[in-house]
Amino acid sequence: MKYPFIKTSLPGPKSKELLEKDKKFVSPSYTRPYPLTVRKAHGMLVEDMDGNIFLDFAGGIAVNITGHTHPKVVEAIKKQCEELIHMSGTDFYYPLQVILAEKLAQIIPIKNEKKIFFGNSGTEAVEAAIKLARYYTKKPGIIAFYGSFHGRTLGSLSLTASKAIHRKNMAPFLPNVFHAPYAYCYRCLFGKEINNCQLECLSFIKDFLFSKVAPPDDIAAIIVEPIQGEGGYNVPPEKFMKGLNEIAKENEILLIIDEVQSGMGRTGKWFAYEHFDIEPDIVTMAKGIASGLPLGVCASRADIMIWEPGAHASTFGGNPVSCAAALATIDLLENGLISNAKEMGEYLLSKLHELQKDHPLIGDIRGKGLMVGVELVKNRETKEKAEEERDKIVYRCFEKGLIILGAGENSIRFSPPLIIKKEEIDAGLEIFEKVLSDVEKEEKYK
Ligand code: PLP
């Protein structure tokens, strides 16, 4: 592979100009881990303002599932732009929204009939889920998990519990939201191992939340990511998800599965929850669903989505251009990308496990399909978190032309477009390993 190709020091001169203007005019609240400017991008490659070419293992933030500017997605967008860009789906009807709703109803494995609400983003999908759960059950409470990320608008932020900075100075939040420990088994809060645990994290819900602060009759829904994304790419064991499903069913609480990051084929199945034997009532989606155009979806059993006209809507939600991009995306997923995610994900995991043998910084590797996390530790026995090292590695990979992102405090996420090929994985991992070795040498981990 002749890419990535870095020809200037980073950031290059044109990028520097952009960064200065950005600093002057753009909100400083965004989290930019390194100064990557983007002029254009195709497939797996991203070109910056100075003509440097990067290999993309992030796909935006797990968004560009069909790669950048996939010709079929671009064609669908162009065609749609020539016919209809907007005619609010809140007040009027247009075919693409209905066609997409029907298609999504076919692929989402929720029992019986389904209905679809369209918004513009992940957080809107989650807001819709919260409101729908409350509307349907007429109950106020929501249970969410530590480490979770469900969005940044105030409703979804009340559920989000992955980093305190997201919440700083933003209170008050929604009342009646309770957090429980997630099955983050590499660092079990109860000091247990997966094979000998009694699911203490779930007992917490029953023995502490339900019995002391959150009577189940007051709880509308439990919301959970089937694999935690921002929280560190944490994959729970099946028994956790099954147990949670049982708790929800036993107590007539709706189960909301947040597939915003893990959905749309990324894990080698349409939805990550299909890796577990569970039955959600509501499913949220966004990110990859329209290959980068804004679209959020809240899907539920039809008998739950019974809210009356005016109860919830969004001016731009499910706009025709995003719907056209989503239909093209779904077509590509059905015709090879989901199976590629499974196959390439296995390859990526096996290669990372090989690396782990020689690299003491790698504490844990976990993932499904192309949603893969690597947790870095200073010491495998104590599991002391290698936070600075993680940031250094992410930065240095950028300097060498590999785009990756962190997740959690000390993990790296691999969330490349689902079009990735073996040689691209090899090229990316070659850079990753070189950087890992350099940082390990500097930090004297040998
Ligand atoms: N839910 C999950 C699981 C996410 O990962 C995210 C974003 O990272 C969101 C919700 C919020 O999505 P958005 O940033 O599109 O509002």
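Since this is a predicted model, take the numbers as computed values, not measurements. (Residues numbered from 1 in each chain as written. Predicted model: local features only at pLDDT ≥ 70, side-chain atom pairs only at ≥ 80, totals over all residues. Heavy atoms only, no water.)

Before going further, it helps to examine the packing of aromatic side chains. Two numbers describe a pair of aromatic rings. These are the distance of the centres and the angle of the planes. A full pass over the atoms with the stated rule returns 12 aromatic pairs. With 6.0 Å between their ring centres and 65° between their planes, F117 and W307 make a pair best called edge-to-face. With a gap of 190 residues between them, F117 in strand 4 (residues 114-119) and W307 in the loop between strand 10 (296-301) and helix 9 (320-358) connect regions that are remote in the sequence. Judged on exposure class, the residue F117 and its partner W307 are both buried. With 5.3 Å between their ring centres and 90° between their planes, F414 and F432 make a pair best called edge-to-face. Taken together, the residues F414 in strand 16 (residues 411-414) and F432 in helix 11 (residues 422-442) connect sequence positions 18 residues apart. For the pair shown, F414 and F432 are each scored as buried. (Phe/Tyr/Trp six-rings, centres within 6.5 Å; stacked < 30°, edge-to-face > 60°. Helix = DSSP H or I, 4+ residues; strand = E, 2+ residues; numbered from the N terminus. Buried < 20%, exposed > 50% of the residue type's maximum accessible area, 1.4 Å probe, protein only.)

In terms of domain boundaries, the protein breaks down into domain 1 (13-69 + 337-443) and domain 2 (71-332). Distance between the C-alpha centres of domain 1 and domain 2: 25 Å. At the interface, 34 residues of domain 1 touch 32 residues of domain 2. Of the roughly 2,900 Å² buried at the junction of domain 1 and domain 2 (both faces included), carbon and sulfur atoms supply 59%. On the domain 1 side of the contact with domain 2, I338, K368 and M371 bury the most area, a combined 25% of that side's loss. Applying the counting rule to domain 1 against domain 2 returns two salt bridges. Broken down by secondary-structure element, the contributors of at least two residues to the side of domain 1 that touches domain 2 are helix 2 (59-62), helix 9, strand 11 (362-368), strand 12 (371-379) and strand 16. Taken together, the residues that form the side of domain 1 that touches domain 2 break down as 15 nonpolar, 11 polar and eight charged. (Domains from an automatic or database assignment. Contact = heavy atoms within 4.5 Å. Buried area = accessible area lost by both parts, 1.4 Å probe. Salt bridge = Lys/Arg side-chain N within 4 Å of Asp/Glu carboxyl O. Nonpolar A, V, L, I, M, F, W, Y, C, P; charged D, E, K, R; others polar.)

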